[in-house]
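For reference, the chains in residue letters:
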Amino acid sequence: MLAARFGRTVNLANPVRRPEIQRRMMSEGTPVKPKDYRKQGPAGVGDKPYTMRKTKQDGPPPGGFAPIKTKRFVGVTTSIPSSVFVGLTGLGMAYGMWKVGNFNIKRRGWKQEKIEARRSLVPFLQAEEDIAYASKKKKRDALEAQVMSGVEGWTVGASVYNTSKIYAPPMVNDHSL
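Residues numbered from 1 in each chain as written. Predicted model: local features only at pLDDT ≥ 70, side-chain atom pairs only at ≥ 80, totals over all residues. Heavy atoms only, no water.

A few words now on the confidence of the model for the protein chain. Averaged over all residues, the pLDDT of the protein chain is 76; the fraction at 70 or higher stands at 62%. Across residues 18-26 the pLDDT falls below 50, and counting only partners more than four positions away or on other chains, this stretch makes 12 contacts in the model. (pLDDT = per-residue confidence, 0-100. Contact = heavy atoms within 4.5 Å.)

Here's what the structure looks like:
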């Protein structure tokens, strides 16, 4: 089935397909056997036999190696204690709060100055509003006298409501006239 599918024969005895190694002849004329890939070294299956060449191990130089320096030469200690960090943070926060407090005092002074300026202007603004109200009332009374001239018993400027006991301040910003 596999042969028909891939168009070649499959060797079931050796499923690992390796290129065929051409037999070479040594100088005496004896053929060199091809390498058997199924007999691998330590990377392969552990129970397969393998041979390793003996390695030449390096040794120390004559007189031995120089001693290894293990002592640390740090010099000045660069670590800063945590109390310094806490102290600097506290000082920074205290300075910031002092600046905030000073600015709040300054801002409170500006606010008080603004309120005093408005209080000093209130009488002038009220006088202007009273003059505007008096002129509007005069125009309104003149218009009322003209419109209600044919009605008997009508008094110009009198309230149409029976609210003489209750005082309602006049509308200050009456811009209808």
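Okay, a nonpolar patch on the surface next. Residues Ile80, Val84, Phe85, Leu88 and Leu91 make up a contiguous nonpolar surface patch of about 510 Å² in total accessible area. Positionally, Leu88 belongs in helix 2 (residues 82-147). The class of Leu88 is exposed, set by a relative accessible area of 55%. (Patch = residues over 30% accessible without salt bridge, like charges linked within 9 Å, V, L, I, M, F, W, Y side chains within 5 Å. Areas by Shrake-Rupley, 256 points an atom, 1.4 Å probe, with all protein chains shown as cover. Salt bridge = Lys/Arg side-chain N within 4 Å of Asp/Glu carboxyl O. Helix = DSSP H or I, 4+ residues; strand = E, 2+ residues; numbered from the N terminus. Buried < 20%, exposed > 50% of the residue type's maximum accessible area, 1.4 Å probe, protein only.)

The full count for this structure, using the stated rule, is two aromatic pairs. Both rings, one in Tyr95 and one in Trp98, keep their centres 6.0 Å apart while their planes meet at 35°; by these two values the pair is tilted. With Tyr95 and Trp98 both in helix 2 and three residues apart, this pair spans about one turn of that helix. The exposure classification of Tyr95 matches that of Trp98, with both residues exposed. When the centroid spacing of 6.0 Å and the interplanar angle of 85° are considered together, the rings of Phe103 and Trp110 count as edge-to-face. Residue classification places Phe103 among the partly exposed positions, given a relative accessible area of 42%. (Phe/Tyr/Trp six-rings, centres within 6.5 Å; stacked < 30°, edge-to-face > 60°.)

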